[in-house]
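Residues per chain are reported as follows:
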Amino acid sequence: MTEYNADNNRKIAEREQIYRELGIDADIYAYGARTEARLRDRFAEIDRTAEYNQLKVIRAMQKNRVSEGCFAATTGYGYNDLGRDTLEAVYADIFHTEAALVRPQITCGTHALSLALAANLRPQDELLSISGRPYDTLESVIGIRPAKGSLAEYGITYRQTDLLPDGSFDRDAIRQAIGENTKMIAIQRSKGYQTRPTLSVDAIGDIIAFVKSIKPDLIVMVDNCYGEFVETKEPSDFGADMVVGSLIKNPGGGLAPIGGYIAGTRECIENCAYRLTSPGLGKEVGATLGLIQSFYQGLFLAPTVVAGALKTAIFAANIFGDLGYPVVPDQTESRHDIIQAVTMGTPEGVIAFCKGIQAAAPVDSFVTPEPWAMPGYDSDVIMAAGAFVQGSSIELSADAPIRPPYAVYFQGGLTYYHGKLGILKALQMLKTEGILANLEEMTSLNC
Ligand SMILES: *Cc1c(COP(=O)(O)O)cnc(C)c1O
């Protein structure tokens, strides 16, 4: 017993020592340890969701007889690509849909969403977004912001109803907005970079039933980015006709180097395939060039990777929230995506936070992020990422426009331990730069 205790104490001291070597002061470390200890129950709940989702993924892989032969690289047209076709069947089983399209030729999340829209809408059809303003990049896709090749240029019209102030759907407005030409309903699950709450799968399910009761043949498309595997159910379990996302976010598990997916009804997915490749060819072509193993392996890891990202987000909400920084979601709220916003209140605070995240990275830890005038934004933007896959936001990453209220948005973390280091580094950076006035006084509250 005493021997065990001595051994345990030595390990704790060793761990603290390596944090010290990574530049984390004793007070920051201790504050982190106290915060973490309080989160044990929440973390256990996240682990239970991850366990369920892990089994869901394994069951789908077993059912579809995933084998070594599925990992072979295909080239050229890619006819009879066993790995690709099997992976699409696996995705369909996980999302409980009739079909899926999972391709490296889908270059990113915006592309997947653009494809799902363009493939299933025809001139004179109307698209109705019922979760308010869609994600930034979709403004050009839809033509809200005039752009070459937008849906608007093809005579597809757009309407939108906003969420109510409490974040729920505006049923009266939706009922009024659904008209003769309304063909598709778009719902964005994650808040993206807005301050509204993220929608739960239950809330999405309820509203799908509502819109289909008004007009049964509506196609409901859910932008599922950042939401996959956060809960045990997906919007497609509640009648969404398409769920759409990026493989360099949750379902790629950090290993997929490119790609997007659409899972949905046979009809919708067929339309998407004909649009992605060509009428007549559809799903039959599209070589996977040796990437498919990373798609499988990333999907296999995705439930635990998402769990790590969620724990990181909750840890950060508590670390910064308890110090008085406004955090969305807050310390105790339930989680429906992996994004965390922290309002730093000053440009210096934002920059120090991002420097801390960068300094904790496995890749490019030695570079210093600086605000810059990014095309398409009306203020300077700072980004921190030290990722294995460029722009991957399932890896620990942070970005912030340099404008009031000076909020940082961050997400990801392939492992919780990395995420924890990133958050402690961010706090450390605030302390080192003299922005964090009095940690001792502030943190004595939660001792
Ligand atoms: C990331 C994201 C997108 C766009 O994905 P990209 O891969 O960046 O093109 C769309 N919608 C939401 C909600 C997202 O989070």
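Residues numbered from 1 in each chain as written. Predicted model: local features only at pLDDT ≥ 70, side-chain atom pairs only at ≥ 80, totals over all residues. Heavy atoms only, no water.

**Concerning the overall build of the protein**
When its secondary structure is counted, the protein shows 13 helices and 12 strands. Relative to the compact-globule value of 22 Å for 447 residues, the protein shows a C-alpha radius of gyration of 23 Å, a close match. Dimensions along the principal axes, computed over C-alpha positions, put the protein at roughly 70 × 50 × 40 Å. Per-residue burial over the protein gives 54% buried out of 447 residues. Counted over contacts in the protein with a minimum sequence separation of 6, partners at least 24 positions apart contribute 71%. Split by element, the accessible area of the protein, about 19600 Å² in all, is 53% carbon and sulfur. Distance from the positive charge centre (40 side chains) to the negative charge centre (54 side chains) of the protein: 3 Å. (Helix = DSSP H or I, 4+ residues; strand = E, 2+ residues; numbered from the N terminus. Rg over C-alpha atoms; globule rule 2.2 N^0.38 Å. Buried < 20%, exposed > 50% of the residue type's maximum accessible area, 1.4 Å probe, protein only. Contact = heavy atoms within 4.5 Å. Areas by Shrake-Rupley, 256 points an atom, 1.4 Å probe, with all protein chains shown as cover. Lys, Arg positive; Asp, Glu negative; His and termini not counted. Charge placed at Lys NZ, Arg CZ, Asp CG, Glu CD.)

**Regarding the packing of aromatic side chains**
The full count for this structure, using the stated rule, is 12 aromatic pairs. Ring geometry for F71 versus Y296: centroids 5.4 Å apart, planes at 70°, classification edge-to-face. On the criterion of sequence distance, the pair formed by F71 in the loop between α3 (40-63) and α4 (82-95) and Y296 in helix α10 (residues 292-321) is long-range, its members being 225 residues apart. Looking at F71, the relative accessible area reads 29%, which means it is partly exposed. Ring centres 5.7 Å apart and planes at 65° place the aromatic pair F320 and Y325 in the edge-to-face group. Each member of the aromatic cluster is reached from another via a ring pair, and the members are F43, F315, Y416 and Y417. Taking NZ or CZ as reference, K249 lies 5.5 Å from the ring centre of Y135, over its face. (Phe/Tyr/Trp six-rings, centres within 6.5 Å; stacked < 30°, edge-to-face > 60°. Lys NZ or Arg CZ within 6 Å of the ring centre and 35° of its normal.)

**Considerations on the domain arrangement of the protein**
Per the domain assignment, the segments making up the protein are domain 1 (2-51 + 302-446) and domain 2 (73-299). A straight line from the C-alpha centre of domain 1 to that of domain 2 covers 30 Å. If you look at the interface, domain 1 gives 24 residues, while domain 2 gives 27 residues. Both faces considered, domain 1 and domain 2 share a buried interface measuring about 2100 Å² in area, 63% of it formed by carbon and sulfur atoms. The three residues of domain 1 that bury the most area against domain 2 are A302, H336 and D337, which together make up 27% of that side's buried surface. Inspection of the region where domain 1 meets domain 2 yields one salt bridge. (Domains from an automatic or database assignment. Buried area = accessible area lost by both parts, 1.4 Å probe. Salt bridge = Lys/Arg side-chain N within 4 Å of Asp/Glu carboxyl O.)

**Digging into the pattern of salt bridges**
Across all of its chains, the model carries 20 salt bridges by this definition. One salt bridge in this structure joins R133 and E139, with 2.7 Å as the shortest N-O distance. We classify E139 as buried; its relative accessible area is 5%. In this structure, K212 and D241 form a salt bridge, with 2.7 Å as the shortest nitrogen-oxygen distance. Of this pair, K212 sits in helix α8 (residues 201-214) while D241 sits in the loop between β5 (219-223) and β6 (242-246); the two residues are 29 residues apart in sequence, bridging distant segments of the chain. Given a relative accessible area of 11%, D241 falls into the buried group. Several salt bridges share partner residues, and in doing so they unite D7, R10, K11 and E14 into one network.

**A short note on the nonpolar core**
Nonpolar side chains in soluble globular proteins generally cluster together in the buried interior. Judged by nonpolar contacts, the single largest core of 98 residues is most densely connected at I187, F320 and F353. The residue makeup of this core includes at least three contributed by each of domain 1 (2-51 + 302-446) and domain 2 (73-299). Excluding residues that lie within four positions of it along the chain, F320 makes contacts with Y325, V327, V342, M344, F353, I423, A426, L427 and L430. With 29 residues, the next largest nonpolar core counts A116, L121, C272 and L276 among its residues. (Core = buried A, V, L, I, M, F, W, Y, C linked by side-chain atoms within 4.5 Å.)

**Regarding the site of the ligand**
In the vicinity of the ligand, the contacting residues are C108, G109, T110, L113, Y135, Q188, D223, C225, Y226, S246 and K249. One of the backbone N or O atoms of G109 is found 2.8 Å from an oxygen atom in the ligand. Separating an oxygen atom of the ligand from a side-chain N or O atom of T110 is a distance of 2.5 Å. Computed on the free molecule, the ligand has an accessible area of 370 Å², of which 88% lies beneath the protein chains in the complex. (Near = heavy atom within 4 Å. Polar contact = N/O pair within 3.5 Å; in protein donor to acceptor, adjacent residues only side chain to side chain.)

**Remarks on a nonpolar patch on the surface**
A cluster of nonpolar side chains, namely Y77, Y79 and L281, defines an oily patch on the protein surface of about 360 Å² accessible area. Inspection of the secondary structure puts L281 in the loop between α9 (266-276) and α10. (Patch = residues over 30% accessible without salt bridge, like charges linked within 9 Å, V, L, I, M, F, W, Y side chains within 5 Å.)

**Section: the state of the cysteines**
For the coordinates displayed, the defined rule picks out zero disulfides. Here C108 is not cross-linked by a disulfide; its sulfur's nearest cysteine counterpart is in C225, at 9.1 Å. (Disulfide = S-S within 2.5 Å.)

**Quick look at the side chain of R189**
As for its position among the elements, R189 is in the loop between β4 (182-188) and α8. Within the local environment of R189, its side chain forms a polar contact with the side chain of N224, the two groups lying 2.7 Å apart.

**Focus on the sheet that holds β5**
Within the open sheet, the seven strands sit side by side as β1-β7-β6-β5-β4-β2-β3. Their pairing is mixed. Both edges of this open sheet fall to β1 (99-103) and β3 (157-160), since each of them pairs with a single strand only. This sheet shows a mean twist of 20° between the axes of neighbouring strands, independent of strand direction. Where strand β2 (residues 126-129) lies against β4, four bridges are found, and the strand directions are parallel. Bridged to S129 within β4 is A186. (Pairing = 2+ DSSP bridges. Axes fitted to C-alpha atoms, helices over the stretch in contact; angles between N-to-C directions.)

**Remarks on the sheet that holds strand β8 (residues 327-328)**
Consider a sheet: its strands pair through backbone hydrogen bonds, and that pairing is either parallel or antiparallel. The sheet built from five strands is open, its strands ordered β8-β9-β12-β11-β10 with antiparallel pairing. The open sheet has two free edges, formed respectively by β8 and β10 (381-385), since each of these has just one partner strand. Two strands pair when backbone bridges link them, and β8 and strand β9 (residues 340-343) are joined in this way by two bridges, in the antiparallel orientation. Residue V327 lies in a different strand from β9, and its bridge partner there is V342. Contacts from helix α11 (residues 347-359) reach β10, β11 (397-401) and β12 (407-411) within the one sheet, and its direction differs from that of β10 by about 20°.

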